[in-house]
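Listed here are the chains, written in short residue letters.
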Amino acid sequence: MIGLILVSHSEKITDGIKDLVVEMTKDAVPIVSAGGTTDGRLGTSADKIVEAINELSGCNNILIFTDIGSSIMSSEIALDLVDEDLKAKCILVDAPIVEGAFVAGVQSMVSDDVESVLDEVKLTKQNKF
């Protein structure tokens, strides 16, 4: 099973993306919104991302989608804070957060082959999905 983590400076953004993906996947794909700070402000939180990773620890692979700047840095820090076995399951995905997460969610319903899912996600960078 493939799980998704959404990281943005705004919890409203990641909650909205999660709603979109859940609507299309009918909750078949585990997805965690990890936007904003732990106290609800704009920003990012490595601790919040670590919690999301731990929540999805039962997944074979965890795809982390970010938006800009510190969301990427906070995700990298979070990966350094989890144990090596869990870190090995995680992939920081280089794709647009909305399109990439949407495609990954839908593709994860069809296949649990993370490479084929990532191949489809790569097309979002080329606007060909």
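This is a predicted model, so every value here is computed, not measured.

Parameters and conventions
- Numbering of residues starts from 1 in each chain and follows the order in which that chain's sequence is written.
- Local features in this predicted model are restricted to residues whose pLDDT is 70 or higher, and side-chain atom pairs enter the listing and the counts only when it is 80 or higher, whereas totals over whole chains, interfaces and linings include all residues.
- The basis for every side-chain value is the complete set of heavy atoms in the structure, and neither hydrogens nor water enter the calculation.
- Residue types Ala, Val, Leu, Ile, Met, Phe, Trp, Tyr and Cys, when buried and joined through side-chain atoms within 4.5 Å, form a set referred to as a nonpolar core.
- Using a 1.4 Å probe on the protein chains alone, a residue whose accessible area is under 20% of its type maximum counts as buried, one over 50% counts as exposed, and one in between counts as partly exposed.
- Each helix is a run of H or I in the DSSP string that is no shorter than four residues. Each strand is a run of E no shorter than two, and both are numbered from the N terminus.
- At least two bridges found by DSSP between two strands is the condition for calling them paired.
- Helix axes are fitted to C-alpha atoms over the stretch in contact, other axes to C-alpha atoms as well, and angles between N-to-C directions run from 0 to 180 degrees.
- The contact definition used throughout considers only heavy atoms, calling two residues in contact when any of these lie within 4.5 Å.

Peer 1: Could you clarify how one ought to interpret the nonpolar core in this entry?
Peer 2: Soluble globular proteins tend to pack their nonpolar side chains together in the buried interior. In this structure, Leu4, Leu63, Phe65, Val93, Ala104 and Val121 are the most contacted members of the largest nonpolar core, which totals 19 residues. Elements with a minimum of two residues in this core: strand S1 (2-7), helix H1 (11-25), strand S3 (61-66), helix H5 (97-110) and helix H6 (114-125). If you look at the next biggest cluster of nonpolar residues, it comprises 18 residues, including Ala52, Ile53, Ile62 and Leu79.

Peer 1: Looking at this model, I keep getting lost on the sheet that holds strand S4 (residues 90-93). Mind explaining?
Peer 2: Ordered in space as S2-S1-S3-S4, the four strands form an open sheet in which the pairing is parallel. Edge positions in the sheet fall to strand S2 (31-33) and S4, since each has one partner strand and no second. The average angle at which neighbouring strand axes cross in this sheet is 20 degrees, direction not considered. Along the sheet, H1 contacts S1 and S2; its crossing angle with S2, the most-contacted strand, is approximately 160 degrees. Of the strands in this sheet, S1, S3 and S4 are in contact with helix H3 (residues 70-81), which crosses S3 at around 150 degrees.

So yeah, pure geometry; function would need other evidence.
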